[in-house]
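# Reading the structure
Listed below are the residues making up each chain.
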Amino acid sequence: MKYSPRGKELLRQFHSLLARKRLYRKKDFLDAYSRHTDLRVQADPQAAIGGMWEEMGKLQIDFLISKGLKPSHVLLDFGCGTLRAGRHLIRYLEPGHYYGLDISRDAIEYAKNLIKEEGLSSKSPILIVSESRNPDFAELEGNVFDFLLAQSVFTHLPLEHIEECFAHLRAIMHEKSVFYFTYHSGSKYCQKGSKGFRYPFYFFENLAEQFGFELRDESTRYSHPRGQRMVELKPRPIPADCR
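Residues numbered from 1 in each chain as written. Predicted model: local features only at pLDDT ≥ 70, side-chain atom pairs only at ≥ 80, totals over all residues. Heavy atoms only, no water.

## Observations concerning the packing of aromatic side chains
As enumerated under the stated definition, the model contains 22 aromatic pairs in all. Ring geometry for Tyr 99 versus Phe 145: centroids 5.0 Å apart, planes at 80°, classification edge-to-face. Taken together, the residues span a long stretch of sequence, with Tyr 99 in strand S2 (residues 98–102) and Phe 145 in strand S4 (residues 145–150) at a distance of 46 residues. You can call Tyr 99 buried: its relative accessible area is 13%. (Phe/Tyr/Trp six-rings, centres within 6.5 Å; stacked < 30°, edge-to-face > 60°. Helix = DSSP H or I, 4+ residues; strand = E, 2+ residues; numbered from the N terminus. Buried < 20%, exposed > 50% of the residue type's maximum accessible area, 1.4 Å probe, protein only.)

## Let's talk about the pattern of salt bridges
Evaluated as defined, the whole model comprises 14 salt bridges. The salt bridge partner of Arg 105 is Glu 131, with a shortest N-O separation of 2.4 Å. In this pair, Arg 105 sits in helix H5 (residues 105–117) while Glu 131 sits in the loop between strand S3 (126–129) and S4, placing the two residues 26 residues apart along the sequence. Classification of Arg 105 as partly exposed rests on a relative accessible area of 39%. When the shortest N-O distance is used, the salt bridge between Arg 229 and Asp 217 registers 2.9 Å. In this pair, Arg 229 is assigned in strand S9 (residues 229–235) and Asp 217 in strand S8 (residues 213–217), connecting sequence segments twelve residues apart. Judged by relative accessible area, Arg 229 falls into the partly exposed class, the value being 32%. (Salt bridge = Lys/Arg side-chain N within 4 Å of Asp/Glu carboxyl O.)

## A look at helix H2 (residues 29–43)
Its 15 residues give H2 an end-to-end C-alpha distance of 21 Å, which sits within 8% of 21 Å, the value for a rise of 1.5 Å per residue. Three or more residues of H2 are buried, namely Phe 29, Leu 30, Ala 32, Tyr 33, Ser 34, His 36, Thr 37, Asp 38 and Val 41. The N-terminus of H2 is capped by Asp 28, whose side-chain oxygen sits 3.1 Å from the backbone nitrogen of Leu 30. (Expected span 1.5 Å × (residues − 1). Polar contact = N/O pair within 3.5 Å; in protein donor to acceptor, adjacent residues only side chain to side chain.)

## Points about the packing of helix H6 (residues 159–169) against helix H7 (residues 201–211)
Running from amino to carboxyl end, H6 crosses H7 at an angle of 35°, the nearest separation of the two axes being 10 Å. Along this stretch, H6 crosses H7, giving a crossing that reads as right-handed. Here Leu 159, Ile 162, Glu 163, Phe 166 and Ala 167 of H6 lie close against H7, whose contacting residues are Phe 203, Phe 204, Leu 207, Ala 208, Gln 210 and Phe 211. Of the residues that constitute the contact of H6 with H7, the class distribution is nine nonpolar, one polar and one charged. (Axes fitted to C-alpha atoms, helices over the stretch in contact; angles between N-to-C directions. Left-handed = near helix turned anticlockwise from the far one by under 90°. Contact = heavy atoms within 4.5 Å. Nonpolar A, V, L, I, M, F, W, Y, C, P; charged D, E, K, R; others polar.)

The following block contains the structure:
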């Protein structure tokens, strides 16, 4: 049977959808997501992390600078992918002050090559594959960060993994650290497709209360083209009489 170009593309999409469903059925979620991201990076490194390469990269660094990011600060790009924002942040920060962490080995390999191509090797960024894939930051070996960013990470994580992340955040933050993350808003928790998740804001409010953080919605200052919300999270100050 012969197919038109449009028919071939629809057939390719259909087989891709079937393969993705099988992948998420057979594997642990984070293992499946890691493998899925690897395959997407192999196909198109920029589209693999959401596309809008220049637009989103600039949006993220401009927002962080507006929130006080200085070249001297140490930053963790949690879920750094193929460095859509990372390439701008590495260029801006002092050498050795950018850390990128991702569960996709192929994304990190692409990122390392991109650093060479863009002449950023002298900036000595630290790029780490999360071998465990668990969001407990074990690979960071006790490093503490001034700024932390998770763009389009919680949009792809089920609630138990976000809770695990919150439970371990204080180990990599000091009292003045700030963590910015995005999420897709919904009236209740729900999953859309294999790897899309929506959360009500109170879900994060409850986690912040449980693990000793303060949070604030910063979405009016962050115009995400696909409507993701931006949240600022800081450690709750310890009362003077409790220190």
